[in-house]
Amino acid sequence: MTMSEEAMIPRGARILVRDEEWMVTACEPAGPHGAKIEAIGVSEFARDTTATFFTKVEEHAGAGVQLMRPEDTVLVADHSPKFARSRLFLEAILRRTPLPQTERRLAMADGFLLNPLRYQRRPAELALKGLRPRILLADVVGLGKTLEIGLTLAELIRRGRGEKILVVTPQHVLEQFQHELWTRFSIPLIRLDSIGIERIQREIPAGRNPFTYYKKVIVSIDTLKNPGKYGQHLEHIRWDAVVIDESHNLISETSARNKLARLLAGNTDALLLASATPHNGDARSFAELINLLDPTAIVNPRDYSAKDIEHLYIRRTKVNPEVRDEVGDQWPDRGPSVSLHCPATPPEEEVLGELAGVWLAADGPATGKGRRLFPYTLIKSFLSSHKALAATVANRLKNSTDARERQALERLAELTGKIGDDDSAKLATLVAKLKQIGVRPGSAERVVVFSESVPTLNWLKQIVPARLGFSDADVAGGVADVLHGDVTSDQEQQRIVERFSLADSSVRILFTGNVASEGVNLHRQCHQLIHYDLPWSLIRIEQRNGRIDRYGQRYQPQFTALILKSAVKERMDDTTVAEVLLKREEAAHNSLGTAETVTGLYSGQKEEDRLLQDLLKDKTAEESLDSAHAEGGILTAILGLEEDHHLPEQGDADVPRLFATTEAFVDEAIKEIFKDPARDLELERTGRFLALRPPEDLIHRMRSLPRSYLKTHAVGKRMRVTFDRADAQRKLDEARRTKTIWPDTAYLTDLHPLVEWLVDKVLVRLGRQTAPVLLAQVPEPAFLVQGIYSNALGQPAVVRWMTVTGLPNTPAVRDDMPQVLKEAGVGPGMWNPDQERDLSRLQRAVPAAVAAARHHLEAERARYEQEIEDQLDSYRGQLGVWVQETLDLVVQDGRLKTKVGAVEKRQRDLLDSLQITGEPLLRLLAVLDGGA
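What counts and how
Residues numbered from 1 in each chain as written. Predicted model: local features only at pLDDT ≥ 70, side-chain atom pairs only at ≥ 80, totals over all residues. Heavy atoms only, no water. Helix = DSSP H or I, 4+ residues; strand = E, 2+ residues; numbered from the N terminus. Rg over C-alpha atoms; globule rule 2.2 N^0.38 Å. Buried < 20%, exposed > 50% of the residue type's maximum accessible area, 1.4 Å probe, protein only. Areas by Shrake-Rupley, 256 points an atom, 1.4 Å probe, with all protein chains shown as cover. Lys, Arg positive; Asp, Glu negative; His and termini not counted. Charge placed at Lys NZ, Arg CZ, Asp CG, Glu CD. Axes fitted to C-alpha atoms, helices over the stretch in contact; angles between N-to-C directions. Parallel < 35°, antiparallel > 145°, perpendicular 65-115°, else oblique. Left-handed = near helix turned anticlockwise from the far one by under 90°. Contact = heavy atoms within 4.5 Å. Pairing = 2+ DSSP bridges. Expected span 1.5 Å × (residues − 1). Arc of directions from axis to C-beta. Polar contact = N/O pair within 3.5 Å; in protein donor to acceptor, adjacent residues only side chain to side chain. Core = buried A, V, L, I, M, F, W, Y, C linked by side-chain atoms within 4.5 Å. Nonpolar A, V, L, I, M, F, W, Y, C, P; charged D, E, K, R; others polar. Phe/Tyr/Trp six-rings, centres within 6.5 Å; stacked < 30°, edge-to-face > 60°. Lys NZ or Arg CZ within 6 Å of the ring centre and 35° of its normal. Salt bridge = Lys/Arg side-chain N within 4 Å of Asp/Glu carboxyl O. Disulfide = S-S within 2.5 Å. Patch = residues over 30% accessible without salt bridge, like charges linked within 9 Å, V, L, I, M, F, W, Y side chains within 5 Å. Right-handed = clockwise from strand over helix to strand, strands pointing away.

*Asks:* Go over the overall build of the chain, please, and point to the residues and values.
*Replies:* Helix and strand counts for the chain stand at 36 helices and 28 strands. Relative to its length of 932 residues, the chain is compact, with a C-alpha radius of gyration of 32 Å against a globular reference of 30 Å. If one aligns the C-alpha atoms of the chain with their principal axes, the spans along those axes are about 105 × 75 × 55 Å. Looking at the chain residue by residue over its 932 residues, the buried ones come to 60%. Accessible surface for the chain amounts to roughly 37400 Å². Of this, 50% is attributable to carbon and sulfur atoms. The positive charge centre, built from 122 side chains, and the negative charge centre, built from 133, are 3 Å apart in the chain.

*Asks:* How would you explain the packing of helix H3 (residues 118-129) against helix H4 (residues 145-158) if you had to name every residue and give the values?
*Replies:* Angle between the axes and distance between the axes are the two parameters that describe a pair of packed helices. Where H3 meets H4, the axes come as close as 8 Å, and the angle between the chain directions of the two elements is 45°. The angle between the axes of H3 and H4 places the two elements in the oblique class. As for how H3 packs across H4, the hand of that crossing is right-handed. From H3, Tyr119, Gln120, Arg121, Pro123, Ala124, Ala127 and Leu128 reach across to H4, where they touch Leu147, Glu148, Leu151, Thr152, Glu155 and Leu156.

*Asks:* Hey, could you go over the sheet that holds strand E22 (residues 719-722) for me, with residue numbers and the actual values?
*Replies:* In space, the four strands of this open sheet follow the order E20-E21-E22-E23, with mixed pairing throughout. The open sheet is flanked by strand E20 (684-686) and strand E23 (746-747), the only strands paired with a single partner. Helix H31 (residues 725-735) rests against strand E21 (689-692), E22 and E23 of the sheet, and its axis sits at about 65° to E21.

*Asks:* Provide a residue-level description of helix H16 (residues 386-399), including the pertinent values.
*Replies:* Relative to the 20 Å expected for 14 residues at 1.5 Å per residue, H16 spans 21 Å between its end C-alpha atoms, a close match to the ideal helical length. Among the residues of H16, His386, Ala388, Leu389, Thr392, Val393, Arg396 and Leu397 are the ones counted as buried. One side of H16 carries all its buried residues, which in axial view fall inside an arc of 170°. Looking at H16, the residues exposed on the side facing more than 90 degrees away from the buried face are Lys398 and Asn399. Buried residues along H16 sit against helix H14 (346-359), helix H15 (374-384), helix H17 (403-417) and helix H19 (454-467). Its side-chain oxygen at 3.3 Å from the backbone nitrogen of Lys387, Ser385 defines the N-terminal cap of H16.

*Asks:* Let's hear about unusual backbone geometry: which residues, and what values?
*Replies:* With the exception of glycine, most residues fall at negative phi, and the peptide bonds are largely trans. Of the consecutive residues Leu807 and Pro808, the connecting peptide bond is found in the cis state with omega at 10°. Its place among the elements puts Pro808 in the loop between strand E26 (796-805) and strand E27 (812-814). Although it is not a glycine, Ala714 adopts a positive phi angle of roughly 45°. Its place among the elements puts Ala714 in the loop between helix H30 (707-713) and E22.

*Asks:* Give me the lowdown on helix H2 (residues 84-96), citing residues and values where you can.
*Replies:* An ideal rise of 1.5 Å per residue puts 18 Å on 13 residues; H2 measures up with 18 Å between its terminal C-alpha atoms. For H2, the buried fraction is high: twelve of the 13 residues fall into the buried class.

*Asks:* How would you explain the nonpolar core if you had to name every residue and give the values?
*Replies:* Proteins that are soluble and globular tend to have nonpolar side chains buried together. By size, the foremost hydrophobic cluster in this structure holds 67 residues, and its most contacted members are Val464, Ile509 and Trp536. When near neighbours in sequence (up to four residues on either side) are disregarded, Val464 contacts Leu427, Leu430, Leu434, Ile509 and Phe511. Counting 60 residues, the second largest nonpolar core, distinct from the first, contains Ala92, Trp182, Val820 and Val826.

*Asks:* Quick rundown of the sheet that holds strand E7 (residues 134-137)? Include the residues and the values.
*Replies:* Spatial strand order, E9-E10-E8-E11-E12-E7-E13: seven strands in an open sheet with parallel pairing. Only two strands of the sheet have a single partner each, and these edge strands are strand E9 (190-191) and strand E13 (313-314). With two bridges joining them, E7 and E13 adopt parallel strand pairing. Bridged to Leu137 within E13 is Ile314. Each of strand E8 (165-169), E9, strand E10 (216-220) and strand E11 (239-245) touches helix H5 (residues 174-185); the most contacted strand, E10, lies at about 155° to it.

*Asks:* An account of the side chain of Asp697 is requested, with residue identities and associated values reported.
*Replies:* The topology assignment puts Asp697 in helix H29 (residues 696-701). At 3.0 Å, the side chain of Asp697 forms a polar contact with the side chain of Trp757. Among the polar contacts listed, one links the side chain of Asp697 to the side chain of Lys761, at a separation of 3.0 Å.

*Asks:* So what's going on with the packing of H14 against H17? Which residues, and what values?
*Replies:* Viewed as axis vectors pointing N to C, H14 and H17 meet at an angle of 165°, and their least axial separation amounts to 9 Å. Compared by their axis directions, H14 and H17 come out roughly antiparallel. By crossing handedness, the relation of H14 to H17 is classed as left-handed. Facing H14, whose interface residues are Glu350, Val351, Glu354, Leu355 and Trp359, H17 presents Glu405, Ala408, Leu409, Arg411, Leu412, Leu415 and Thr416. Considered class by class, the residues forming the contact of H14 with H17 number seven nonpolar, one polar and four charged.

*Asks:* Quick one: what's the story with the packing of aromatic side chains, residue by residue and with numbers?
*Replies:* For the coordinates displayed, the defined rule picks out nine aromatic pairs. Taken together, Trp182, Tyr709 and Trp742 form an aromatic cluster joined through their ring pairs. The cationic tip of Arg396 hangs over the ring face of Phe374; the distance from NZ or CZ to the ring centre is 3.8 Å. Arg446 extends its terminal NZ or CZ atom over the ring of Phe500, reaching a point 6.0 Å from the ring centre.

*Asks:* Describe the pattern of salt bridges, listing the residues and the values that go with them.
*Replies:* Taken as a whole, this structure holds 72 salt bridges when the rule is applied. Arg854 is paired through a salt bridge with Glu71; the nearest N and O atoms lie 2.9 Å apart. Within this pair, whereas Arg854 is found in helix H35 (residues 846-889), its partner Glu71 is found in the loop between strand E5 (66-67) and strand E6 (74-77), the two being separated by 783 residues in sequence. When the shortest N-O distance is used, the salt bridge between Arg540 and Glu608 registers 3.4 Å. Taken together, the residues span a long stretch of sequence, with Arg540 in helix H22 (residues 538-545) and Glu608 in helix H24 (residues 604-616) at a distance of 68 residues. Given a relative accessible area of 19%, Arg540 falls into the buried group. Among the ionic contacts, a cluster of salt bridges with common partners joins Glu180, Arg184, Arg524, Asp733 and Arg736.

*Asks:* Before we move on, could you go through the environment of Asp325 and cite the residues and values that matter?
*Replies:* Note that Asp325 resides in helix H13 (residues 321-327). Relative accessible area serves as the criterion here: at 65%, Asp325 is assigned to the exposed category.

*Asks:* Please give an account of the side chain of His484 that cites residues and values.
*Replies:* Residue position: His484 is located in the loop between strand E16 (480-483) and helix H21 (490-501). On the accessibility criterion, His484 (7% relative accessible area) is buried. Within the structure, the side chain of His484 is placed 3.1 Å from the side chain of Asn458, a separation counted as a polar contact. Apart from the residues lying within four places of it in its own chain, the contact partners of His484 are Val454, Leu457, Asn458, Gln493 and Val515.

*Asks:* Mind laying out the state of the cysteines, listing which residues take part and the relevant values?
*Replies:* The full count for this structure, using the stated rule, is zero disulfides. The thiol sulfur of Cys342 is not disulfide-bonded, and the nearest other cysteine sulfur, from Cys526, lies at 19 Å.

*Asks:* Describe a negative patch on the surface, listing the residues and the values that go with them.
*Replies:* Negative charge collects at one region of the surface, where Asp303, Asp308, Glu885 and Asp888 lie side by side. Looking at the secondary structure, you find Glu885 in helix H35.

*Asks:* Before we move on, can you summarise the pairing of E22 with the specific residues and values?
*Replies:* The sheet contact formed by E21 and E22 spans four bridges and is antiparallel. Across the sheet, Ala691 pairs through a bridge with Arg720, a residue of E22. Direction of pairing for E22 relative to E23: parallel, over a ladder of two bridges. Bridge pairing in E23 links Thr722 to Tyr747. Following the chain from E22 across H31 to the adjacent parallel E23, one finds a crossover that is right-handed.

*Asks:* Can you tell me about the environment of Val454, naming the residues and giving the values?
*Replies:* With respect to the helices and strands, Val454 occurs in helix H19. Measuring from C-alpha to C-alpha, the distance between Val454 and His484 comes to 6.7 Å, with 30 residues separating the pair along the chain. Not counting the four nearest positions on each side in its chain, Val454 is found in contact with His484 and Asp486.

Next up, the structure:
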């Protein structure tokens, strides 16, 4: 039959297009073009060819797209031993059929390379619970947000809602994120960094939209926000899922990043925002971020509660009982934050005296904009290093025109110039501390050293290695790396982060700044962190500490801060502010699990600005922190949502399977598809390891795998996988001890291209529109029929696995196909006598079996629709309340009414699109016959 205009064809269905048979891999609405169908060739001429069809275009071209009628299914005998071909075919159908819209439980959580932690499942459960999978994942630093995102994406893929995925991250964590999703979940992302973009320009036709060429992409937000390069491409592409990491960077409503986020939010079904610091302390800005997820969640951006957003927001800290009970030895409690006092040397005391006596005086020499704050800029620079102060003074002198200020700056430059490297108290203490830790030639010990000043970082990299006894050759070999904002190349940033994570790299010290304080994993080979200078913000201190204090850390994280101290009590030094903040961050972390709520500002910059204003008012750092904490507000209440946000235990989704494990399916499939796997695939099986030479059609699919992985291990020539989670973890750990982060052996999850390739191979082995007959333990013939109702988005709303018996006179239909298969003994213990049998009696019953299944579905349709309607009704009620309350805010604002009306229409259209539409699509899968 020709496909109707409103019908959506489910994955796995067979169609005829241009006289060739195809298997549908995806189907979605395409506006005036009808439906967009992605398919793989089944018939001989088109076999293994991928193609995209638009139903309206095909109608104009000729016969259109024909969905094969289930009544025309031809029954065939299965001559394979133990009915292997039939069992594989049924398993492939079960695997290829997406889970329905009504299944909200997780189906894949235990199938990946990660520890089964309950708390890491909760974000996926919350996402699937909603109208659409759209959440803000706000777990604090270190809990494993990337793993939680991977689990959520895997569940969307299993539901047919993850074909097109876009992940947007800061550029220095592109490879890290890509690596986690591939090695843990087998989700391949094409990395569009600077080299990836150049490759696209070579590989695809000029003018082609790169986001139609690559279906799963990871790209940096700074690359993507360029409207000249990608604006026109992004406007015309729809995604199944978009992930935006470090999403607090989207908050400024007028920024290019915010505009990009609003564009993407409107062009995707699922939206996952992730940030350990999810807002900047402004309730309206946070409401804007929530509005990306659900424009009707918040009525008044100035006045809302945690209850309004609980369906969109999840946040846990390390002290959350569920987290603490589960992480165990995977995340040791961190050690104390140790202050190392560095008594200022005489030349340093002179500078501290000059800053206190001249620049902090009431009639100090600073002029122009920021006059009152500039002395603190000088102080912070000097508390970093004399090199940082010299750079700050030099920059100010370039623009200063006031004679008195210039004279004071020149005096400060003169005093600073007298400080040599040997006069730096912090440098001497740092070297001593590094030696104590064991950073020396021949040692594997590593440390990360943070500073806010680029001149300080560059200076430390130049001078520290030699003082630790490293030779010029060691230095040339990269014993120390530096990463800061002036390292603008995304490739170089990723290289530096990767080198530090590899056990056998020569790097021992990473000197870094704020650029590495968000999102970067530095804990793989390191548990020592030194603050050469401290930011004047609790949040930024916590973000720094979170680079090594995170899930997966094997050793107790150790934190040390270098505190420059003056012998003159009245002078401002690191004990005045920095040491106070260090201790407050430690206390907040130990009691609350996070320091963000201490000031009620939730922004590092706002914390520092407020502290500076209080210092100008002669408040101490302690007084500033105490007064800030007393204010609280909306966002303080929202961050407290963690204690009340508890999702009930849901259990796992009931996903029918014929094969107990993926390993059993893969082994059986390879034996069935290839006559001689050892010859055809050069297959080697050692224990639970599998190695093979991938055929051309598998190599074609592998183009979506990470290029670094393909190149490093020549996967196109030899693919190595394992079914054993422990072996896979060992291989991953080994990779981190070599010159690459990519393991040579992949964990074979259900999402791995090899498994998907075998599933498709199995599905195309049966002839056109045929169904096998199996001899089984059944009292009468049982016809196995799949029935699917789709919604207007092409997503399966209802999936039924039916068994039809009692033909031809008293047909009976039950929704228990998996149970029937189990009771009939369909499995590896079957015996196939391989005798010629007359199937005409069963063939004559095919139309009646299909008719009975269709009648059953249609009779139950009202119940199916009500089940979905019940899920949508509560949201319709919320939408009505939002519309009325929003209009009540400004009764006579015509522009507001227009805006509200547009939002209401979009949301009601979305609700309508989730309802069942069209006729049920049926497929006769197989017949079980008792053989009597």
